[in-house]
Amino acid sequence: MTQPDADATPDAASAPAAAWAERADEAARSVTHLFGQRLFFLPGTHIAATARPSGRIENLRRPWHYWWQAHYLDCLVDTGLRELGKAGSPPEKFDGDTRPSAGQLASRLVTGIRLRNFLTYVNHYYDDMAWLALSTLRLERLAEESRRPSPRRQERIRKSLTLQFDSASTDDLGGGTFWSTKRDFKNTPATAPVALYYARTGNTARAQALLDWLDARLFDPARGLYQDGIRVRSTGETVLEDAIYTYNQGPVLGALLELGGTANLGRASTVVRAVAIHLTLPGAAASGTNAAKETGPANELVLRCDGTGDGGLFTGILTRYLALAANDQRLPRDVRTTAAGLVTGTAAALWAGRRLIAAGEPLARHGRAGYPVFPSEPKRPAGDTYPPGAAVELSTQLQAWMALEAAASLDLAPEGPGN
């Protein structure tokens, strides 16, 4: 096991790609060992506990967080893609030659999700299903690059979930996608990932129509960001939910980049710049502490986080799509620089705030002593948010892993003259 550089400073925000990859591997090992387990002891399955320390039976009694598992799958795919190696670096498993690869765990996780979800990939929330659809699409790409495709299973998942999205994306309220089977709320959390899914599966017209609806009904030009949604009351009255959440901006950004074109890329630039203004911590550079200082250059910007529970995933999701913007040469250089700085600043803060599991604490029964636990908020160290003996939630650890993977995915090579 590679020990983390515990004395690393947040100058790590400008660390080389290899260092980010090592940190992402540390997060991958920590999460998979700490939370990962077989489902019902069944061979060939994998699932993540939603909190530790906890027992298997205790986990089954807890709420079923379908969409957390979908993002766990996305993180495993991130690690799996890095395991394939690049030019000049050979393939290498993240957890050693004797342990399953990230891709193998991801495939077992898909099986585990279906079994735990009562033999189906369908549930009551269209945003949950969209996240799973996106992550399984990426797993398909990993399988193809690993020369281990599973076309039958992927075809079943795609067919099943596409039917759900088609039924939820109606003309009610002029367009958009319903959030749940109650069909009383159309919002960004469902519409944006469904639009991205349509874009990535070739249904570009439908994807663009959903983006156009978001622009017309939920984009706030004063802030340059997307509001939460439109709720339909029992009386038929509609109410705008104008909250701005970090994770809502991510899949919109992804869909804008996937579809491309002058208007979409212009809006993507607007979103990145607005995120830097409105969704960052004004008094914290990438330090993992409460030390207040003026926001500095782009590589010191730190995204705000939204606590624990579902909110523990929000900022990690945004970093995934900011990394796509940072690597997209169609965007202006200042936008790419800002996006990269948001990713590395946030990842560095979460890395700097980690603590290591001690040999005698309850978490060590599930993971390993010396593995990191990451804070739920970048301005507070993990020793405060998750002191020894406290329960640690999967969502917040996935968030840190996502941010580190996003940083590892950045193309940090110097640029020549450009736009």
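Chemist: Quick question: what am I supposed to make of the pattern of salt bridges here?
Modeler: A pair can form between side chains of opposite charge whenever their charged atoms are brought close. Enumeration over the complete set of coordinates arrives at 21 salt bridges. Across the pair Asp95 and Arg99 runs a salt bridge whose closest N-O atoms are separated by 3.1 Å. A relative accessible area of 12% places Asp95 in the buried class. According to the relative accessible area criterion, Arg99 is partly exposed, its value standing at 36%. Across the pair Arg273 and Asp334 runs a salt bridge whose closest N-O atoms are separated by 3.1 Å.

Chemist: Help me out: how do you make sense of the sheet that holds strand 8 (residues 238-241) in this one?
Modeler: Strand-to-strand pairing in sheets goes through backbone hydrogen bonds, with the strands running parallel or antiparallel. Strands sit in the order 4-7-8 across an open sheet of three strands; the sheet is antiparallel. Whereas interior strands pair on both sides, the edge strands pair on one side only; in this sheet they are strand 4 (185-187) and strand 8. Shown here is a sheet whose adjacent strand axes are inclined to one another by a mean of 20 degrees, direction ignored. As defined by bridge partners, strand 4 adjoins strand 7 (residues 229-232) across three bridges and the pair is classed as antiparallel. Within strand 7, the residue paired with Lys186 across the bridge is Ile230.

Chemist: I keep staring at the nonpolar core and nothing clicks. Help me out?
Modeler: Soluble globular proteins: nonpolar side chains tend toward being buried together. Counting 116 residues, the largest nonpolar core has Phe165, Leu322, Leu398 and Trp401 as its most contacted members. In contact with Trp401, other than residues within four places in its own chain, are Ala24, Ala27, Ala28, Val31, Thr32, Tyr72, Cys75, Leu76 and Thr79.

Chemist: Looking at this structure, I do not really get the pairing of strand 7. What am I missing?
Modeler: Put simply, side chains in a regular strand alternate between the two faces of the sheet. Of the pairings in the sheet, the one linking strand 7 to strand 8 comprises four bridges and is antiparallel in character. Looking at the pairing, Gly229 lines up with Glu241 of strand 8.

Chemist: Would you explain the environment of Pro91 in this entry?
Modeler: Of note, Pro91 is situated in the loop between helix 3 (66-83) and helix 4 (102-116). In this structure, the C-alpha to C-alpha distance between Pro91 and Leu81, residues 10 residues apart in sequence, is 9.6 Å. Residue contacts for Pro91: discarding those within four places in its chain leaves Glu83, Leu84 and Gly85.

Chemist: How do you make sense of the packing of aromatic side chains when you look at a structure like this?
Modeler: The description of an aromatic ring pair uses the distance of the two centres, along with the angle that the planes make with each other. Tallied over the full model, the rule gives 13 aromatic pairs. Where Trp351 meets Phe374, the ring centres are 6.2 Å apart and the plane angle is 40 degrees; that geometry is what we call tilted. Of the two residues, Trp351 sits in helix 12 (residues 333-352) while Phe374 sits in the loop between strand 10 (372-373) and helix 13 (382-385), which places them 23 residues apart along the sequence. As far as the burial class goes, Trp351 and Phe374 line up, both buried. Taken together, the ring pairs connect Trp67, Tyr245, Tyr247 and Phe314 into an aromatic cluster. One cation-aromatic arrangement involves Arg23 over Trp20; the distance from NZ or CZ to the ring centre is 5.0 Å. The side chain of Lys186 reaches across the aromatic face of Phe178, ending 4.7 Å from its centre.

What counts and what doesn't
- Residues numbered from 1 in each chain as written.
- Predicted model: local features only at pLDDT ≥ 70, side-chain atom pairs only at ≥ 80, totals over all residues.
- Heavy atoms only, no water.
- Salt bridge = Lys/Arg side-chain N within 4 Å of Asp/Glu carboxyl O.
- Buried < 20%, exposed > 50% of the residue type's maximum accessible area, 1.4 Å probe, protein only.
- Pairing = 2+ DSSP bridges.
- Helix = DSSP H or I, 4+ residues; strand = E, 2+ residues; numbered from the N terminus.
- Axes fitted to C-alpha atoms, helices over the stretch in contact; angles between N-to-C directions.
- Core = buried A, V, L, I, M, F, W, Y, C linked by side-chain atoms within 4.5 Å.
- Contact = heavy atoms within 4.5 Å.
- Phe/Tyr/Trp six-rings, centres within 6.5 Å; stacked < 30°, edge-to-face > 60°.
- Lys NZ or Arg CZ within 6 Å of the ring centre and 35° of its normal.

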